[in-house]
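A closer look at the structure
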Amino acid sequence: SIIVRAADWMASKGIIVTNSAGNTGNDVSWNYKMCTPCDGDSVLCIGSVDASRLRSSFSAMGPTSDGRIKPDVMAMGRTTAYANQSGAYSTGNGTSFSGPIIAGMIACLKQAHP
């Protein structure tokens, strides 16, 4: 897809491209394939785990349509704490919670080790 080509091009320029795996892990009609751009060979695809480090049932899983194993890494995405719009703390589920955790970790590592 165009977005995978763009993501792979950015990676070739030294940009670390991360993407949440998606929440189609329970959807058999998708045949458990990864969605674009997570299926890109240079895209760091991030799945979701729970507090016991088990894959969240909703977290999309590979392989990609060409047989590569995805997601590449996983982070807390089930019952994940966050500050809501009113400033109180809530919990939520989704790879949209695990993705920013890994992106933040990568930013810290890049800053510490340029």
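Predicted model, so just to flag it, every value in this text is computed and none were measured.

**Digging into a nonpolar patch on the surface**
On the surface, a cluster of nonpolar side chains totalling about 300 Å² of accessible area is made up of W9, M10 and I15. By the secondary structure assignment, W9 is in helix 1 (residues 2-12).

**Looking at helix 2 (residues 95-112)**
A turn of α-helix holds 3.6 residues, and therefore any two residues three or four places apart point the same way. If you check helix 2, its first and last C-alpha atoms are 26 Å apart, about what 18 residues at 1.5 Å a residue would give, namely 26 Å. Of all the residues in helix 2, the buried ones are T95, S98, G99, I102 and I106. Looking down the long axis of helix 2, one finds its buried residues gathered within 105 degrees of arc, a one-sided arrangement. Turned more than 90 degrees from where helix 2 packs its buried face, S96, P100, C108, Q111 and A112 sit exposed.

**Observations regarding the pattern of salt bridges**
Per the counting criterion, the structure on display carries two salt bridges. Measuring nitrogen to oxygen at the nearest pair gives 3.2 Å for the salt bridge that ties R68 to D66. In this structure, K70 and D72 form a salt bridge, with 3.1 Å as the shortest nitrogen-oxygen distance.

**Side note on the packing of aromatic side chains**
Aromatic ring pairs are described here by two measures, namely the spacing of the ring centres and the angle between the planes. Throughout the structure, instances matching the rule amount to one aromatic pair. Consider the rings of Y82 and F97, whose centres lie 5.4 Å apart with planes at 40 degrees: the pair is tilted. Of this pair, Y82 sits in strand 4 (residues 80-83) while F97 sits in helix 2; the two residues are 15 residues apart in sequence, bridging distant segments of the chain.

**Focus: the side chain of S59**
Residue position: S59 is located in the loop between strand 2 (43-49) and strand 3 (73-76). Here S59 falls in the buried class, since its relative accessible area comes to 0%. A polar contact is formed between the side chain of S59 and the backbone nitrogen of S48, at a distance of 2.9 Å. If near-sequence neighbours (up to four positions away) are discounted, S59 is found in contact with G22, G25, G47, S48, M74 and T95.

Each value, and the rule that gives it
Residues numbered from 1 in each chain as written. Predicted model: local features only at pLDDT ≥ 70, side-chain atom pairs only at ≥ 80, totals over all residues. Heavy atoms only, no water. Patch = residues over 30% accessible without salt bridge, like charges linked within 9 Å, V, L, I, M, F, W, Y side chains within 5 Å. Areas by Shrake-Rupley, 256 points an atom, 1.4 Å probe, with all protein chains shown as cover. Salt bridge = Lys/Arg side-chain N within 4 Å of Asp/Glu carboxyl O. Helix = DSSP H or I, 4+ residues; strand = E, 2+ residues; numbered from the N terminus. Expected span 1.5 Å × (residues − 1). Buried < 20%, exposed > 50% of the residue type's maximum accessible area, 1.4 Å probe, protein only. Arc of directions from axis to C-beta. Phe/Tyr/Trp six-rings, centres within 6.5 Å; stacked < 30°, edge-to-face > 60°. Polar contact = N/O pair within 3.5 Å; in protein donor to acceptor, adjacent residues only side chain to side chain. Contact = heavy atoms within 4.5 Å.

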